[in-house]
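As a plain string of letters, each chain reads:
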Amino acid sequence: MALRNIVTERDPMLRKVSRPVEKFDRRLWTLLDDMADTMYDADGCGIAGVQVGVLRRVFVVDTGEGLTEYINPEILCRSGEQDGMEGCLSSPGEYGLVVRPEKVTVRAQDRHGEWFEQEAEGLPARAICHEYDHLDGHIFKDITHHMLTEEELQKLDEE
Ligand code: ZN
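For clarity, every value in this text was computed on a predicted model and none was experimentally measured.

Basis of the calculations
- Residues numbered from 1 in each chain as written.
- Predicted model: local features only at pLDDT ≥ 70, side-chain atom pairs only at ≥ 80, totals over all residues.
- Heavy atoms only, no water.
- Helix = DSSP H or I, 4+ residues; strand = E, 2+ residues; numbered from the N terminus.
- Buried < 20%, exposed > 50% of the residue type's maximum accessible area, 1.4 Å probe, protein only.
- Contact = heavy atoms within 4.5 Å.
- Donors = N, O, S within 2.8 Å, 3.2 Å for Na, K, Ca; no water.
- Core = buried A, V, L, I, M, F, W, Y, C linked by side-chain atoms within 4.5 Å.

*Asks:* Honestly, the environment of Lys103 in this entry has me stumped. Any pointers?
*Replies:* Take Lys103: it is sitting in strand β6 (residues 103-109). You can call Lys103 partly exposed: its relative accessible area is 39%. It is 28 Å that separates the C-alpha atoms of Lys103 and Thr8, two residues lying 95 residues apart in sequence. Excluding anything up to four places from it in sequence, Lys103 contacts Cys77, Arg78, Ser79, Ala120, Glu121 and Ala125.

Right, dumping it as structure tokens:
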């Protein structure tokens, strides 16, 4: 298990556009393993390469149905709408409401370079869209329509 430092939103690196992954080698596998360890350790449900300081088009997601690794992903189709709460490992303790597609179809490579297609709905779709945005230097705060206030956060804690 190896944890990496999480890049916070104060770091301008988080705004950079990531480059495609070209080599599906041991170095990539170590990165993917470390990203998963770092995500689980921080109680997150997704993390992108840039968030551990690696500007490559890669992210991992686990919203409770197991870990999926997405390399060089493309979102092929977005449909419907969901409005819900989102946070980010790069903005600890902050949450906002974000409208996302209810369903997405994503195409990506796995750690061996094999392409796969996946349909996701609800929370997994939200996580995929959130992480995908990181690959182009975007964060959820760019598109939130309401950041939760201290009061609202306290209420959530009590629930
Ligand atoms: Zn994030």
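*Asks:* Could you clarify how one ought to interpret the coordination of the zinc ion in this entry?
*Replies:* Octahedral metal centres with six donors ideally show angles of 90 or 180 degrees, and tetrahedral centres with four donors ideally show 109.5 degrees. Protein coordination at the zinc ion comes from Cys88 (SG), His130 (NE2) and His134 (NE2), with a distance range of 2.0 to 2.2 Å. Donor residues for the zinc ion sit on one chain with the sequence pattern C-x41-H-x3-H. With Cys88 in the loop between β4 (82-87) and β5 (95-100) and His130 in helix α2 (residues 123-135), this pair connects stretches of sequence that are 42 residues apart. Neither residue differs from the other here; Cys88 and His130 are each classed as buried.

*Asks:* Would you take a moment to explain the nonpolar core for this structure?
*Replies:* Proteins that are soluble and globular tend to have nonpolar side chains buried together. Counting residues in hydrophobic clusters, the biggest one holds 20 residues, and the most contacted among them are Phe59, Tyr70, Ile75, Val104 and Ile128. When contributions to this core are tallied by element, the ones reaching two or more residues are β2 (58-61), β3 (68-79), β6 and α2. Per-element tally for this core: the top contributor is α2, with six residues. When near neighbours in sequence (up to four residues on either side) are disregarded, Tyr70 contacts Arg57, Val58, Phe59, Val61, Val106, Ala108, Gln109, Phe116, Gln118 and Ile128. The next biggest cluster of nonpolar side chains, apart from the first, holds twelve residues, and it includes Val21, Leu31, Val58 and Ile71.

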